[in-house]
There are 2 protein chains.
Amino acid sequence: MIKVAIDAMGGDNAPEEVVKGVVSAVKKSQDVQVFLVGRQDVVEPMLKASEFDTNKITVINAAEVIEASDHPVQAIRTKKDSSMAVGMKMVHNGEADAFISAGNSGALMVGAQVLVGREKGIDRAPFVCVLPHAKGTSLLLDAGANVDVRPEHIVTFAKLGTEYLEQSTGKKQPTVGLINIGTEETKGNELTKSAYELLKADGDINFIGNVEPTGLTAGAADILVCDGFTGNTIIKMYEGLGKLMLGTVKKSFKKSLMTKIGALLVKDSLKSELKPFDSHEYGGAPILGLKGLVMKTHGNAKEQEFTNTILQCVEYLNNRRDI
Amino acid sequence: MIKVAIDAMGGDNAPEEVVKGVVSAVKKSQDVQVFLVGRQDVVEPMLKASEFDTNKITVINAAEVIEASDHPVQAIRTKKDSSMAVGMKMVHNGEADAFISAGNSGALMVGAQVLVGREKGIDRAPFVCVLPHAKGTSLLLDAGANVDVRPEHIVTFAKLGTEYLEQSTGKKQPTVGLINIGTEETKGNELTKSAYELLKADGDINFIGNVEPTGLTAGAADILVCDGFTGNTIIKMYEGLGKLMLGTVKKSFKKSLMTKIGALLVKDSLKSELKPFDSHEYGGAPILGLKGLVMKTHGNAKEQEFTNTILQCVEYLNNRRDI
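Keep in mind that this is a model prediction, so the values were computed, not measured.

Novice: Which parts of the structure should I look at to understand the side chain of Ser82(B)?
Specialist: Residues and elements named next belong to chain B. Tracing the chain through its elements places Ser 82 in the loop between helix H3 (72-78) and helix H4 (83-92). In terms of polar contacts, Ser 82 uses its side chain to reach the backbone carbonyl oxygen of Lys 79, at 2.8 Å. Setting aside its immediate chain neighbours within four residues, Ser 82 contacts Ala 62, Glu 64, Val 65 and Ile 66.

Structure (structure tokens):
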């Protein structure tokens, strides 16, 4: 049985959608027990409205809530009875195998390192993001947890990403590319030039060299590694440019009666082709290198994303136990 | 009269398209004299096929060519009689006001700093790029010339960008944003946090704070500043994601007979709305902070882009003289 703690109070649609997502998850999987962490007085009445196996869901009371606007470090330090802090301590104490939250990302990253704690030998825990490209998806790490890193941290990211992809999908020896502004070995800044040498020398990584952002979108590698500043820039470019280009396409559809008719004819096909670009499709994103699994879902996640993320944790942790 | 030297041998379509672009430019502007720098035996016969005022175009012989595959530093050091080296030396010596090339970008950046030389007080010369967004365009600098910078260099980029935008478009006190992974003052890596303080304290810059990549694509500031690694990552994300998303739209159009008919109806409108995303629309991109103007055009530039870039130099330098 996989034990998953979830932040009932985190995200724009908490607690309603979290509760719904949890109820769906325990109906879909026999292997999971969920701890709904949050204000008991709010969560329990919602839960009572649904039908489910009561052995599968336990409400854990936490009186405080970390708000999206709270300062991450301060929030983790002072709100000791928040749903986030209580849930992560359960992972630290071995009472839960994983913790999921749609709440304050900064606080989750800080809490992950401070309350859950890093695995032995890991001194930076990276945040992973799934990026769609021309041929499927790649994992990008670090996507924003560590903005100032040393070259050896990038090697750690490559190893953690390789292990995660192998264990979550079964893919053997996934390819690793270093995000850089040129493909040649000599290209880049001081950080990427040093990281290149270390990655090349490491026998455990299937390193294929530098990958430019243009190569990333073409699907050059299974795993892409970089510092958290660059990684966060890349995911925000996906978000911003995606929105800008879709807005442009929509604008062109509204130009005249003729384009409006044309738009009706292509709409469904376009929607289905663009589905891989909807980041909600990929569920939660893990923070790796910790003593337990911590997953972040989108701030505006709804029922289905919470359900999928719980099931994702179950699958990954089951695979991991089998190894 | 503005004197523009142009690399006849640089780019995928040299020298044919360069020669055509130069001939068009001198027909369009009375204010320009062009030096076509390159192999005289190749360029002169091409020129003879066209009609134009022979006082306006002079061929300057340069026997060597810097290839796209050449190592930038080595190329500038050893190929002293290359079209690029000869053209930039003309700017250094005051024989030309500007130099334009579609050739090896790395060599152009190195040559700009070494052969043309930096303005007094400038110790990093940034590369400028025009980025389309929801409401128009912004200037991004540094777009890739300086991959490791200190916070004070970012302030230099902000000043050079402000001056350039004011002089090339007449816009007064353009807004400057710092590319960062959060909008709050405390966000970012060591470099951006320090740069924020310096930009905020500088009275000559209309600094509006941090701009995330998502804000960039929404048109948050006239000028965006960052280190050259981040800037180059951003322009390559534009290129890569633009290609990926357009490919996806096209794929959705080919799905069935119905979508093919729909595509015919929206095609022209879509093409016209997407025009601002074609980087060729913006002509050349300058390297600023030098003793003269150096402009880079796309490697695959054709006649029109060369013409536009020449006219762009003329307009900017005329405005600058008027101030």
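Picking up after the structure, the text goes on.
Novice: Would you take a moment to explain the pattern of salt bridges for this structure?
Specialist: A side chain with one charge may pair with a side chain of the opposite charge, provided their charged atoms come close. Per the counting criterion, the structure on display carries 24 salt bridges over all chains. With its nearest N and O atoms 2.6 Å apart, the salt bridge here joins Glu212(A) to Lys236(B). Note that Glu212(A) is positioned in the loop between strand S8 (206-211) and helix H8 (213-216) and Lys236(B) in helix H9 (residues 228-253), a pairing that runs across two chains. The class for Glu212(A) is buried, based on a relative accessible area of 17%. For the salt bridge of Asp222(B) with Lys171(B), the shortest nitrogen-to-oxygen distance reads 3.1 Å. With a gap of 51 residues between them, Asp222(B) in the loop between helix H8 (213-218) and strand S9 (223-225) and Lys171(B) in the loop between helix H6 (151-169) and strand S7 (175-179) connect regions that are remote in the sequence. Overall, the relative accessible area of 39% leaves Lys171(B) in the partly exposed class. Each of Asp123(A), Arg150(A) and Glu152(A) takes part in a single network of salt bridges with overlapping partners.

Novice: Would you mind showing me how to read the interface of chain B and chain A here?
Specialist: Frequently, the measure chosen for interface size is the accessible area that the parts lose on association. Residue-level contacts link 50 residues of chain B with 50 residues of chain A. Buried surface at the junction of chain B and chain A, both sides included, amounts to about 4,800 Å², of which 76% is carbon and sulfur. A per-residue breakdown of the area chain B buries against chain A is headed by Ile181(B), Phe229(B) and Met245(B), which together make up 15% of the total. In this assembly, chain B and chain A are joined by six salt bridges. The tally of links from chain B across to chain A stands at 14 residue pairs in polar contact (both at pLDDT 80 or more). Where the side of chain B that touches chain A is concerned, the elements lending two or more residues are strand S5 (128-133), helix H7 (190-201), H8, H9 and helix H10 (257-274) of chain B. Looking at the side of chain B that touches chain A, the element that brings in the most residues is H9(B), giving 20 residues.

Novice: I keep staring at the environment of Ala49(B) and nothing clicks. Help me out?
Specialist: With respect to the element layout, Ala49(B) can be found in the loop between helix H2 (40-48) and strand S3 (57-61). A C-alpha to C-alpha distance of 34 Å links Ala49(B) and Pro276(B), two positions 227 residues apart in sequence.

Novice: For this particular structure, what's the right way to read the relation of the copies chain B and chain A?
Specialist: In summary, the two copies of the chain are related to each other by a rotation about an axis coupled with a shift along it. For the pair chain B and chain A, the superposition axis carries a translation of 0.0 Å, the fit reaches an RMSD of 0.0 Å, and the rotation angle comes to 180°. Both chain copies can therefore be described as sitting about a two-fold axis. By C-alpha distance to the rotation axis, the residue of chain B lying nearest is Gly262(B), at 1.9 Å. Same-surface contact between copies: 100% of interface residues of chain B are shared with the interface of chain A.

Novice: How should I be thinking about the sheet that holds strand S5 (residues 128-133) of chain A in this particular structure?
Specialist: Sheet strands pair by backbone hydrogen bonding; their relative direction is either parallel or antiparallel. Residues and elements named next belong to chain A. Reading across from one edge, S5-S6-S9-S7-S8 is the order of the five strands in this open sheet, with mixed pairing throughout. Single-partner strands in this sheet number two, and they are S5 and S8. Averaged over all pairs of adjacent strands, the angle between their axes in this sheet comes to 30°, without regard to strand direction. Where strand S7 (residues 175-179) lies against strand S9 (residues 223-225), three bridges are found, and the strand directions are parallel. Residue pairing across strands places Leu 178 opposite Val 225, the latter belonging to S9. Along the sheet face, helix H6 (residues 151-169) touches strand S6 (136-141), S7 and S9 and points at about 160° away from the line of S9.

Novice: Mind showing me how you'd approach the packing of helix H10 (residues 257-274) of chain A against H9(B) here?
Specialist: To describe two helices that pack against each other, one gives the angle between their axes and the distance between the axes. At a closest axis distance of 8 Å, the pairing of H10(A) and H9(B) adopts a crossing angle of 135°. As judged from the angle between their axes, H10(A) and H9(B) are oblique. The interaxial crossing formed by H10(A) with H9(B) has right-handed handedness. Contacts between H10(A) and H9(B) involve Val266(A), Ser269(A), Leu270(A), Glu273(A) and Leu274(A) from the former and Met245(B), Thr248(B), Val249(B), Lys251(B), Ser252(B) and Phe253(B) from the latter. Looking at the contact of H10(A) with H9(B) residue by residue, the classes come out as six nonpolar, three polar and two charged.

Novice: Got a minute to help me understand the environment of Gly209(B) in this structure?
Specialist: Residues and elements named next belong to chain B. Relative to the helices and strands, Gly 209 is located in strand S8 (residues 206-211). For the pair Gly 209 and Gly 170, spaced 39 residues apart in the sequence, the C-alpha separation amounts to 23 Å. If near-sequence neighbours (up to four positions away) are discounted, Gly 209 is found in contact with Val 176, Gly 177, Leu 178 and Tyr 196.

Novice: What should I look at first to understand the packing of H4(B) against helix H5 (residues 105-116) of chain B in this one?
Specialist: All names here are of chain B. Between H4 and H5, the least distance of the axes is 9 Å, while the angle of their chain directions is 35°. Crossing of H4 over H5 shows right-handed handedness. Seen from H4, the contacting residues are Met 84, Ala 85, Met 88, Lys 89, Val 91 and His 92; seen from H5, they are Ala 107, Leu 108, Gly 111, Ala 112, Leu 115 and Val 116. Residues that form the contact of H4 with H5 fall into these classes: nine nonpolar, two polar and one charged.

Novice: I tried to follow the pairing of S5(B) on my own but got confused; where do I start?
Specialist: All names here are of chain B. Within S5, five of the six residues are buried, which leaves the element mostly enclosed by the surrounding structure. Direction of pairing for S5 relative to strand S6 (residues 136-141): antiparallel, over a ladder of six bridges. Across the sheet, residue Cys 129 finds its bridge partner in S6, namely Leu 140. Hairpin connection of S5 to S6: two residues between the antiparallel strands.

Novice: I would appreciate a short explanation of the sheet that holds S5(B) in the present structure.
Specialist: Residue and element names in this part refer to chain B. Reading across from one edge, S5-S6-S9-S7-S8 is the order of the five strands in this open sheet, with mixed pairing throughout. What marks the edges here is a single partner per strand, and that holds for S5 and S8. Between one strand axis and the next, the sheet turns through 30° on average, direction left out of account. Across three bridges, S6 lies against S9 in parallel orientation.

Novice: Can you walk me through the state of the cysteines in this structure?
Specialist: Cysteine pairs can be linked by a disulfide, which is a covalent bond between their two sulfur atoms. Applying the stated criterion across every chain, the model contains zero disulfides over all chains. The thiol of Cys313(A) is not disulfide-bonded; the next cysteine sulfur, from Cys129(A), is found 16 Å away.

Rules of the game
- Residues numbered from 1 in each chain as written.
- Chains lettered and ligands numbered in written order.
- Predicted model: local features only at pLDDT ≥ 70, side-chain atom pairs only at ≥ 80, totals over all residues.
- Heavy atoms only, no water.
- Helix = DSSP H or I, 4+ residues; strand = E, 2+ residues; numbered from the N terminus.
- Polar contact = N/O pair within 3.5 Å; in protein donor to acceptor, adjacent residues only side chain to side chain.
- Contact = heavy atoms within 4.5 Å.
- Salt bridge = Lys/Arg side-chain N within 4 Å of Asp/Glu carboxyl O.
- Buried < 20%, exposed > 50% of the residue type's maximum accessible area, 1.4 Å probe, protein only.
- Buried area = accessible area lost by both parts, 1.4 Å probe.
- Least-squares fit on C-alpha atoms with pLDDT ≥ 70 in both.
- Pairing = 2+ DSSP bridges.
- Axes fitted to C-alpha atoms, helices over the stretch in contact; angles between N-to-C directions.
- Parallel < 35°, antiparallel > 145°, perpendicular 65-115°, else oblique.
- Left-handed = near helix turned anticlockwise from the far one by under 90°.
- Nonpolar A, V, L, I, M, F, W, Y, C, P; charged D, E, K, R; others polar.
- Disulfide = S-S within 2.5 Å.

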